[in-house]
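These are the residues of each chain, in order.
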Amino acid sequence: MALSKLLLSVLLCGATPSLAQTSFDPPGGCLNVIDVSPSKGLGESGAGGISINYLHEAFQSEQFSLGAGIGYNHHRKYQFSALPIFLSTHYFFLDRRFSPFVNLRAGGFVMLNKKNAGTNEKYSLSKEKQGLSLYLSPSIGIKMHLTPDIGISASITDEAYLVKAFHTEKHTYKNQLIHSLGLNIGVFFQIKGW
């Protein structure tokens, strides 16, 4: 009995360092994510749509990465498309095969086209040309590695775009953040030493 406990202790002590040396978020490497997010509008002026994004982040530590990204978004009710360009950061709570994470994307967007403009109705945009404007997207989710370098992720995200939209109570166009709540599904690739 004592011999079995001793053997079990030796095996566990030997296994622990090897587990600690396996890193799923390697320092000095990078994280590349391609994701798609169908969304539904939030609040009085929110509008759903679909987003597709690509981001590239460099690992600052085993659990924290920082970088930039670009995307494409289409809002159904406002009938406009946007090209967001943003800084992005991930924090992974665990250095394991499964890990919850938080992500923040912040930057600007350029409106590519708008069809519902100047109608003085809900979900109408101003006819004025809009330059670079605010884009913000916090999210919380979970990642799962299929291999140490490839995996999938799922998160709940709130995408916010600052647009000049018709305000139904004030009967005028004013700057407002339109929000959409999305389910973000992504594929990620980690490259060591990049």
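For clarity, every value in this text was computed on a predicted model and none was experimentally measured.

### Re the confidence of the model for the chain
When pLDDT is low, close inspection of the predicted coordinates is not appropriate. In this model, the chain carries a mean pLDDT of 84, and residues with pLDDT of at least 70 account for 85%. Taken together, the stretch residues 1-23 has pLDDT below 50 and engages in three contacts with residues farther than four places along the chain or on a different chain.

### Some thoughts on empty space enclosed by the protein
The full count for this structure, using the stated rule, is two cavities of 30 Å³ or more. Here the largest cavity defines a volume of roughly 120 Å³. In terms of lining residues, the largest cavity is bounded by 15 residues, among which Val33, His90, Phe101, Ser153 and Phe188 are the most central. Every element with two or more residues in the lining of the largest cavity is listed here: strand 1 (30-42), strand 4 (80-92), strand 5 (98-114), strand 6 (133-145), strand 7 (150-167) and strand 8 (172-191). Approximately 30 Å³ is the volume found for the second largest cavity. In this structure, the second largest cavity is lined by Met111, Lys114, Leu125, Ser126, Glu128, Gln130, Val163 and Lys164. Residue assignment for the lining of the second largest cavity shows that the elements contributing at least two residues are strand 5 and strand 7. Each residue belonging to the lining of the second largest cavity can be placed in one class, and the counts come to three nonpolar, two polar and three charged.

### Remarks on the packing of aromatic side chains
Two measures describe an aromatic ring pair: the distance that separates the ring centres and the angle between the ring planes. Applying the stated rule across the entire model yields ten aromatic pairs. Each member of the aromatic cluster is reached from another via a ring pair, and the members are Tyr78, Phe80, Phe86, Phe109, Tyr123, Tyr135 and Tyr161. Positioned above the aromatic ring of Phe92 is the side chain of Lys143, whose terminal nitrogen or guanidinium carbon lies 4.5 Å from the ring centre.

### Quick look at the pairing of strand 7
Two strands pair when backbone bridges link them, and strand 6 and strand 7 are joined in this way by nine bridges, in the antiparallel orientation. Paired with Ser139 across the bridge in strand 7 is Thr157. Taking the residues between adjacent antiparallel strands as the criterion, strand 6 and strand 7 are bridged by four residues. Sheet topology places strand 7 next to strand 8; 18 bridges connect them, and they run antiparallel.

About the criteria used
Residues numbered from 1 in each chain as written. Predicted model: local features only at pLDDT ≥ 70, side-chain atom pairs only at ≥ 80, totals over all residues. Heavy atoms only, no water. pLDDT = per-residue confidence, 0-100. Contact = heavy atoms within 4.5 Å. 1 Å grid on protein atoms, 1.4 Å probe; cavity = no way out; pocket = protein on both sides within 12 Å on 5 of 7 lines; lining within 4 Å. Points joined across faces, edges and corners; volume = space filled by probe spheres on them. Helix = DSSP H or I, 4+ residues; strand = E, 2+ residues; numbered from the N terminus. Nonpolar A, V, L, I, M, F, W, Y, C, P; charged D, E, K, R; others polar. Phe/Tyr/Trp six-rings, centres within 6.5 Å; stacked < 30°, edge-to-face > 60°. Lys NZ or Arg CZ within 6 Å of the ring centre and 35° of its normal. Pairing = 2+ DSSP bridges.

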